[in-house]
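Close look at the chain arrangement
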Amino acid sequence: EKGEVKMTTGSITYFNPDDNTDARGKEDDPRSQLAHELSHSYDRDNATGKKGTTENGIELDEVDAVNIANRIRTKLHQPKKTTYDGKEIPKELLE
């Protein structure tokens, strides 16, 4: 049997630890933002990102990144996010 060879992309993640707002300008802890972006970086580097969208148009890789960031929010005793880009994430997809 031959094993599958994966090629990494060598993604770059930009992060400003002093920025406490998300892409929509709402207050957000930089640590959870970093977790969200590193989730994307990991998925790109390892070709593991989910393809497709929710019924209301949220990319599934964004749902995964929100779930990763929510793990950090839980450790920081902050409320979990249930939306992305102003849209509700289906409850069955949230961890």
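What this report covers is the structure whose coordinates are included nearby. A quick note: this is a predicted structure, and the numbers were derived from the prediction, not measured. Residue positions are given per chain, counting from 1 as you read along its sequence in written order. At least 70 in pLDDT is required for a residue's local features to be given in this predicted model, at least 80 for side-chain atom pairs to be given and counted, and no such filter applies to totals for whole chains, interfaces and linings, which use all residues. As a convention, hydrogens and water are excluded, and side-chain values are obtained from all of the structure's heavy atoms.

1. A closer look at the overall build of the protein
Where helices and strands are cited, they refer to DSSP runs of H or I of at least four residues and of E of at least two residues respectively, numbered from the N terminus. Counting its regular elements, the protein contains two helices and two strands. Going residue by residue from the N terminus, the α and β elements of the protein occur as α-α-β-β. For the C-alpha atoms alone, the extent of the protein along its principal axes is close to 50 × 35 × 25 Å. Looking at the protein as a whole, 27% of its 95 residues qualify as buried. Here a residue-residue contact requires only that any non-hydrogen atoms of the pair lie within 4.5 Å. Expressed as a percentage of contacts within the protein between residues at least 6 apart in sequence, the contacts between residues at least 24 apart total 52%. Accessibility throughout is a Shrake-Rupley quantity obtained with a 1.4 Å probe, and a residue counts as covered only by protein chains that appear here. Carbon together with sulfur atoms contributes 50% to the accessible area of the protein, which is approximately 7100 Å² in total. Using a 1.4 Å probe on the protein chains alone, a residue whose accessible area is under 20% of its type maximum counts as buried, one over 50% counts as exposed, and one in between counts as partly exposed.

2. Here's the deal with the pattern of salt bridges
Salt bridges are identified by distance alone: a Lys or Arg side-chain nitrogen within 4 Å of an Asp or Glu carboxyl oxygen. Within the structure shown, the criterion is met by seven salt bridges. Between R73 and D28 there is a salt bridge, with its nearest N and O atoms 3.2 Å apart. Remark: D28 occurs in the segment before α1 (30-46) and R73 occurs in helix α2 (residues 60-75); sequence separation between them is 45 residues. Residue classification places R73 among the buried positions, given a relative accessible area of 5%. With a closest N to O distance of 3.1 Å, R71 and E95 form a salt bridge.

3. Regarding the layout of surface pockets
Two kinds of site are reported from a 1 Å grid over the protein atoms alone, namely cavities, where a 1.4 Å probe fits but cannot get out, and pockets, open sets with protein on both sides within 12 Å along at least five of seven lines, and residues are called lining when an atom falls within 4 Å of a point. Grid points are joined across faces, edges and corners, and a volume is the space filled by probe spheres set on the points. Space inside the largest pocket adds up to approximately 560 Å³. If you trace the largest pocket, you find 26 residues lining it, with D22, A23, D28, K81 and Y84 closest to the centre. When contributions to the lining of the largest pocket are tallied by element, the ones reaching two or more residues are α1, α2 and β1 (83-84). The element best represented in the lining of the largest pocket is α1, accounting for five residues. Of the residues contributing to the lining of the largest pocket, the split by class is seven nonpolar, eight polar and 11 charged. Put simply, Ala, Val, Leu, Ile, Met, Phe, Trp, Tyr, Cys and Pro go in the nonpolar bin, Asp, Glu, Lys and Arg in the charged bin, and everything else, Gly too, in the polar bin.

4. Overview of α1
The end-to-end C-alpha separation of α1 is 24 Å, in line with the 24 Å expected for 17 residues at 1.5 Å each. Among the residues making up α1, those that are buried are P30, S32, Q33, A35, H36, S39, H40, S41, D43 and D45. The inward-facing, buried residues of α1 abut α2 and β1. Under the rule applied, a polar contact is a pair of N or O atoms within 3.5 Å (in protein, one hydrogen donor and one hydrogen acceptor; residues adjacent in sequence only if both atoms are side-chain atoms). Sitting at the amino-terminal end of α1 is D29, which places a side-chain oxygen 2.7 Å from the backbone nitrogen of R31. How far a helix is expected to stretch is found by multiplying one less than its residue total by 1.5 Å.

5. Quick look at the packing of α1 against α2
Lines fitted to C-alpha atoms define the axes here, with helix axes fitted over just the stretch in contact, and angles between the N-to-C directions of these axes take values from 0 to 180 degrees. In the contact formed by α1 and α2, the axes pass within 8 Å of each other and the chain directions differ by 145°. α2 is crossed by α1, and the crossing has right-handed handedness. Contacts between α1 and α2 involve R31, S32, A35, H36, S39 and H40 from the former and D61, E62, D64, A65, V66, I68, A69, I72 and R73 from the latter. Its residues placed into classes, the contact of α1 with α2 shows six nonpolar, four polar and five charged. Handedness of a crossing is defined here by the sense of rotation of the near helix relative to the far one, left-handed for an anticlockwise turn of less than a right angle and right-handed for a clockwise turn.

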